[in-house]
Amino acid sequence: MLLRPALVCVLLCLPLGSGAVSWAETPVQSAAVADFSRTLRIDDIMAVMQAEGMNSGDELALDMFGDAGGAAWQASLARIYDPAAMRARFDLALAEAMGADTEALAASLSFFGSDLGQRILSLEIEARRALLDPAAEEVAAADWAALPDKDARRVAQLEQFAQLNDLIESNVMGALNANLAYYRAMSNAGGFGHRVPEDQMLAEVWAQEADLRSETVEWLFPYLALAYSPLSTEDLQAYLDFSASAGGRRANALIFAAFDAVFVEISAELGRAVALQMTGQDI
């Protein structure tokens, strides 16, 4: 299970709308989602995403406002990156994605609930946390560049893993969708000084596709190499076999659907927050 790199703005938790799933009305589904999120250590993942988001929020303030954004912006970021709220939004989106198919998560619960699965999750989370440090990111990139001469088989396994889980395309499309939501919200909130036509926003977003693809590849493979370096060839092959299975593919699709739904909503709210900050309104 892999999250896409934090290439799109920052994460924000939104209040649930009137169309939200009622957990009290779907106890079986609620239990399945809670068990899935607990097994896959979504709370730990959200904690890392909080740290990533706070860093991205500071960088965004410098780009958009020319400074750190002040106390109001920092308060907004603290609200944006509340891990418990992000977890709640993820669970909701996962429930909506899986519908009544509570068995769709069974294969993942079996694999990730095993000793190997829990070890893999720990390695993924630790690697993502390590890459918060720019120096560690540089080292990981250098190690990946040197890997073909050291272990061609491991390179082939990592490339197969990315292909099986559709990591590049899913990340790029998710980033494009989130960026479009950001532009729409920023335009609606007056951040551009006028309402930007939809076709102009679409053109701007699609113009980013090549750069997003390049950034995804540049981040992804050093991350994979770092995360899975402690795994034996056999253990990584077991992960590949799970990823290639029907259950693994279904679970991967659900995970991406849930995170994409979160990213689209939070990116929209981020665009609104930036616009309000720029126009001097209360966030």
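Keep in mind that this is a model prediction, so the values were computed, not measured.

Thresholds, definitions, all that
- Residues numbered from 1 in each chain as written.
- Predicted model: local features only at pLDDT ≥ 70, side-chain atom pairs only at ≥ 80, totals over all residues.
- Heavy atoms only, no water.
- Core = buried A, V, L, I, M, F, W, Y, C linked by side-chain atoms within 4.5 Å.
- Buried < 20%, exposed > 50% of the residue type's maximum accessible area, 1.4 Å probe, protein only.
- Helix = DSSP H or I, 4+ residues; strand = E, 2+ residues; numbered from the N terminus.
- Contact = heavy atoms within 4.5 Å.
- pLDDT = per-residue confidence, 0-100.
- Phe/Tyr/Trp six-rings, centres within 6.5 Å; stacked < 30°, edge-to-face > 60°.

Caption draft 1: Spotlight on the nonpolar core. Ranked by size, the top nonpolar core spans 80 residues in total, and within it Trp73, Leu224, Tyr228 and Tyr239 carry the most contacts. If one sorts the elements of this core by residue count, helix 13 (residues 246-278) sits on top with 12 residues.

Caption draft 2: Molecular detail of the environment of Ala107. Inspection of the secondary structure puts Ala107 in helix 5 (residues 106-112). Counting along the chain gives 140 residues from Ala107 to Gly247, while the straight-line C-alpha distance between them is 5.2 Å. With residues up to four places along the chain from it excluded, the contact list for Ala107 reads Phe242 and Gly247.

Caption draft 3: Quick look at the confidence of the model for the protein. Chain-level statistics for the protein give a pLDDT mean of 85 and a share of 89% at 70 or above. For the stretch residues 1-25, pLDDT sits under 50, and the model shows 82 contacts to residues farther than four places along the chain or on other chains.

Caption draft 4: Representation of the packing of aromatic side chains within the structure. According to the stated counting rule, one finds 14 aromatic pairs in the structure shown. Ring centres 5.1 Å apart and planes at 15° place the aromatic pair Trp144 and Phe221 in the stacked group. Residue Trp144 is found in helix 7 (residues 134-150), and its partner Phe221 is found in helix 11 (residues 209-228); the two are separated by 77 residues along the sequence. Like Phe221, Trp144 is buried. Chaining the aromatic ring pairs together yields one cluster made of Phe111, Phe112, Phe161, Tyr228, Tyr239 and Phe242.

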